Amino acid sequence: MGTTVAGLVLLSQPVGTQNQLAMSLAAMAAMIVLWLFLDGPRTRFVFLALGSLVVLRYILWRVTDTLPSPGDPVSFGFGLLLLLGELYCVFILFVSLIINADPLRRRPPPVASAAELPTVDVFVPSYNEDAAILAMTLAAARQINYPPDKLTVWLLDDGGSDQKCADPNPEKAKAARERRRDLTALAEELGCRYLTRARNEHAKAGNLNNGLAFATGEIVVVLDADHVPFRSFLSETVGYFAEDPKLFLVQTPHAFLNPDPIERNLRTFERMPSENEMFYAVTQRGLDKWNGSFFCGSAALLRRTALDEAGGFSGITITEDCETAFELHSRGWTSAYVDKPLIAGLQPETLSAFIGQRSRWCQGMFQILLLKNPALQKGLKPIQKIAYLSSMTFWFFPVPRLIFMFAPLLHIFFDLKIFVASVDESIAYTATYIVINLMMQNYVYGKFRWPFVSELYEYVQGLYLSKAIVSVIWSPRKPTFNVTDKGISLDHNHLSSASLPFFAVYGLLAVGCAVAAWRYLFEPGVTNLMLVVGLWNFFNLLTAGAALGVCAERRQLERAPSLAINRRGQITLAGRAIDVSIERVSAEACTVRLPAALLPAGVGHRTLTGALTIVPVAGARPAGALPVTLERIDRAKDEAFARLSFGRLRPQDYVALAGLMYGDAEAMRRFQMRRRRHKNILTGTLQFIWWGLSEPFRAARYALAADARPAVAPVIDGTSPIYDAPEQAPTGANLPEPLLASSALRPTLQVTPTLPRDAAPAEAAQAPTQASLQASPQASPQAPSRASNDWVRMMLDYENERALAGRTGREAGTA
């Protein structure tokens, strides 16, 4: 403590500008040496301590020396607003460093005998999801590696409630009744139990609590309808409950098969870690060290006795997950976080859906902050209060993000002095602070977040979330739960319906850059401060330019997200059985590798149907064969790569498909680890600048071709999710699977031909009836010209040959 006080006193001593620059550069050099040549927990703390001293020195200078005079109330007011935004960011930085300085990595749980394992209820809450999505999740849940007599899977359907079946709109009522009928049959065929309720009250929390009223298991697993569990989900998690009788929660990360709109539209999904990976791979582990990891709504196990003590899942706010964890932590229960991807889910495809999802999260966390302030909550330890405050106040980011975005314009357009400093002072304090801040973030999060990507995500959300913040502060109890649309097909390039504000801001910032340049070059009396502010505005313009690329929605070539796997199987075609290696699979198709010599005669000239039998993973029961259609064959020397589509699937076929796609959780871990390569500040900055300069042109191209609809895309073998236009997709059967050219080949579920997506719950409904419980027995712009197509095809053929040659070389090197 004495050393800390002495350090702070020394830190507060005034120094000259040149001395400050020398001190900051010395700290920067020492941090670089530590980063490059030393490693370990002590090095980590010294590195962060050096950076923190520079940050504190900057904040002290900002508070004492840079505010405008109160005699100019307009400049002082805006200057104070800018300072408050910076203080918020420094607060979040230091809280995150405290929480994440030494993240906890838990050892595997103890292995228990089957007789000692607790009974488990798996809840799959649903509202308007398609039956095919539900079939995959239910089939995979039934195949979790766990004693069957201790595992019950529940489909909790809020789309077929009595309230919806009695909707005043006859079409909606008919759709709800058909949904209830079809999902009841689906659950029975898959060995699950179907449950609905009388009224759609308290949204997801109410649906889960209705499940608690009928389920009896000691452990409750919650899975979103589109979060499919891998076979090892329970074997990797349930053992922790035996170690700690006060453990109420085991949370696992949310891993995703498809890109979010930012990843898809900037084509980063295959090479950059997803936005949520920093939270799940670092922050949740950091919270876990302080008994502060919280329930994230899915992919989690909860102790039934703890839920009963708290009265079930909390439903006062629209984020029932964090609220439930908050209540139980305050009652003395503990939580655990397991950093292993054990489910694979779907993210919102469109920018509008993405913003809608984040608005709900933002409003829900603010509801908890306003209605159940962690700082005043009894039962929480001080570090737990800090942890919850950091998670909740984080969602205030839209306000400072927009302040930083528009602040330079006040000086450029109106000559307001909101930041009083010379150019030398700006370099000595501000520039070094920015660089060292980047270094600390890159040091802690470099494998999980590229430089400036956080700023892009915050800006993209900020334009809309600022309104959500105001609404929830004005009326904390008003927000209602809205289901996020997923599984939407994007079949053409287009601008997002949410793009207009982003174009307006980009235009305003572009005008600001032009005015700043003109004033600096030609207006008498303008100082170098205009140059500094102009550069600040130019960085904002780059951020807004990259955001325009996010608004320019690329079409999807992969209708069903796929996963690279390594499984064995046997395909039967034309009466011949052939052993194959299954390399990639989705809900629609798979790619297999086999010896070219074993292909039936005439393959490639006629359509062949057959069956694919999968070799089960160790301990799993064999499943039936999958019906397949041979779509395409690509040959590479002695090997052939075949694309097999599944077509129309029956409920029992999903058992085999789920066993194939979700039998081995290592497949998802390998995909994530492949993307987690450290991105240094220089290359990350150059990448961000490129997006900022190039993406506005693509957005403008989409805007000019807004009424054009491209022809049906040709089938391109090996299209990766990161490529969305034919001219951008390399070929090669060793790459991810292609788009299905015809929707007729898309798999459907025979139980129900069409399941409409319902609107919000109806206001009126009949009184609850006995029928509420339905339980089944336990068991591009315009199409390119012909010349352009020819050129593109030549390029694709060349890339295909390179890919195949590279593959052959790697295999020869490992043989």
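Residues numbered from 1 in each chain as written. Predicted model: local features only at pLDDT ≥ 70, side-chain atom pairs only at ≥ 80, totals over all residues. Heavy atoms only, no water.

Visitor: Teacher, can you tell me more about empty space enclosed by the protein here?
Guide: One way to see where empty space is left: roll a probe the size of a water molecule over the atoms. Of the pockets and cavities examined, the largest cavity occupies roughly 130 Å³. Counting residues per element, the ones that place at least two in the lining of the largest cavity are α17 (423-445) and α18 (453-474). Per element, the largest residue contribution to the lining of the largest cavity is four residues, and it comes from α17. In the lining of the largest cavity, the residues fall into six nonpolar, three polar and two charged. (1 Å grid on protein atoms, 1.4 Å probe; cavity = no way out; pocket = protein on both sides within 12 Å on 5 of 7 lines; lining within 4 Å. Points joined across faces, edges and corners; volume = space filled by probe spheres on them. Helix = DSSP H or I, 4+ residues; strand = E, 2+ residues; numbered from the N terminus. Nonpolar A, V, L, I, M, F, W, Y, C, P; charged D, E, K, R; others polar.)

Visitor: What should I look at first to understand the pairing of strand β12 (residues 562-573) in this one?
Guide: Every other side chain in a regular strand lies on the same face of the sheet, so the side chains alternate between the two faces. Here 10 bridges tie β12 to strand β13 (residues 576-586), and the two strands are oriented antiparallel to one another. By the bridge assignment for β13, Ser562 is matched with Ser586. In this antiparallel pair of consecutive strands, β12 and β13, the connection spans two residues, and Ala574 shows a positive phi of 50°. Direction of pairing for β12 relative to strand β15 (residues 608-614): antiparallel, over a ladder of five bridges. When the sheet's bridge partners are listed, Gly569 is paired in β15 with Ile614. (Pairing = 2+ DSSP bridges.)

Visitor: Explain the environment of Met392 to me, please; I cannot follow it from the model alone.
Guide: Tracing the backbone shows Met392 in helix α15 (residues 382-393). Along the sequence, Met392 and Cys322 sit 70 residues apart, while their C-alpha atoms lie 9.8 Å from each other. When neighbours within four sequence positions are excluded, Met392 is seen to be in contact with Cys322, Phe326, Met365, Phe366, Ile368, Leu369 and Pro374. (Contact = heavy atoms within 4.5 Å.)

Visitor: I tried to follow helix α13 (residues 320-330) on my own but got confused; where do I start?
Guide: Along an α-helix, residues three or four apart share an orientation, since each turn contains 3.6 residues. When you tally the buried positions in α13, you get 11 out of 11 residues, the bulk of the element. Among the residues making up α13, those that are buried are Glu320, Asp321, Cys322, Glu323, Thr324, Ala325, Phe326, Glu327, Leu328, His329 and Ser330. Where α13 is buried, its residues contact α8 (203-214), β6 (247-251), α12 (304-309), β8 (334-337), α14 (351-371) and α15. In the segment just after α13, Gly332 is the residue with positive phi, at about 95°. (Buried < 20%, exposed > 50% of the residue type's maximum accessible area, 1.4 Å probe, protein only.)

Visitor: Explain the environment of Met23 to me, please; I cannot follow it from the model alone.
Guide: Along the chain, Met23 falls in helix α2 (residues 17-37). On the accessibility criterion, Met23 (44% relative accessible area) is partly exposed. Separated by 409 residues in the primary sequence, Met23 and Thr432 have C-alpha atoms spaced 10.0 Å apart.

Visitor: Looking at this model, I keep getting lost on the packing of aromatic side chains. Mind explaining?
Guide: The description of two aromatic rings rests on the distance between their centres and on the angle between their planes. Enumeration according to the criterion identifies 29 aromatic pairs in this entry. Their ring planes at 45° and their centres at 5.8 Å tell us that Trp395 and Phe397 sit as a pair that is tilted. Across the pair, Phe397 and Trp395 agree in class, each one buried. Taken together, the ring pairs connect Tyr58, Trp61, Phe419, Tyr429 and Tyr433 into an aromatic cluster. The ring of Trp333 carries Lys246 above its face, with NZ or CZ at 4.0 Å from the centroid. (Phe/Tyr/Trp six-rings, centres within 6.5 Å; stacked < 30°, edge-to-face > 60°. Lys NZ or Arg CZ within 6 Å of the ring centre and 35° of its normal.)

Visitor: It is not clear to me how the sheet that holds β8 should be interpreted in this structure. Could you clarify?
Guide: Where strands meet in a sheet, backbone hydrogen bonds hold them as pairs that are either parallel or antiparallel. With mixed pairing, the seven strands of this open sheet are ordered in space as β3-β2-β1-β4-β7-β6-β8. Here the strands that pair on one side only, and so sit at the sheet edges, are β3 (193-195) and β8. Adjacent strand axes in the sheet meet at a mean angle of 20°, parallel and antiparallel pairs treated alike. Pairing of strand β2 (residues 151-157) with β3 involves three bridges; the strand directions are parallel. Within β3, the position partnered with Trp154 by the bridge is Arg193. Those strands touched by α8 are β1 (120-126), β2, β3 and β4 (219-222), and its axis lies near 145° from that of β1. (Axes fitted to C-alpha atoms, helices over the stretch in contact; angles between N-to-C directions.)

Visitor: Where do I start with the sheet that holds β15 in this structure?
Guide: Ordered by their spatial adjacency, six strands build a closed barrel running β12-β13-β14-β17-β16-β15, and the pairing between neighbours is antiparallel. Direction aside, the axes of adjacent strands within the sheet are offset by 45° on average.

Visitor: Which parts of the structure should I look at to understand the environment of Leu307?
Guide: If you trace the backbone, Leu307 turns up in helix α12. Distance in space between the C-alpha atoms of Leu307 and Glu327 is 9.8 Å, their sequence separation being 20 residues. For Leu307, the contacting residues outside a window of four places in its chain are Leu212, Val220, Leu302, Gly312, Phe313, Thr324 and Leu328.

Visitor: Help me understand the pattern of salt bridges in this model?
Guide: Between side chains of opposite charge, pairing is possible as soon as their charged atoms come close. Under the criterion given, the structure shown has 32 salt bridges. With a closest N to O distance of 2.9 Å, Glu639 and Arg593 form a salt bridge. Here Arg593 lies in strand β14 (residues 589-595) and Glu639 lies in strand β17 (residues 639-645), a separation of 46 residues in the sequence. We classify Glu639 as partly exposed; its relative accessible area is 21%. For the salt bridge of Arg650 with Asp653, the shortest nitrogen-to-oxygen distance reads 3.0 Å. The exposure class assigned to Asp653 is buried, which follows from its relative accessible area of 2%. (Salt bridge = Lys/Arg side-chain N within 4 Å of Asp/Glu carboxyl O.)

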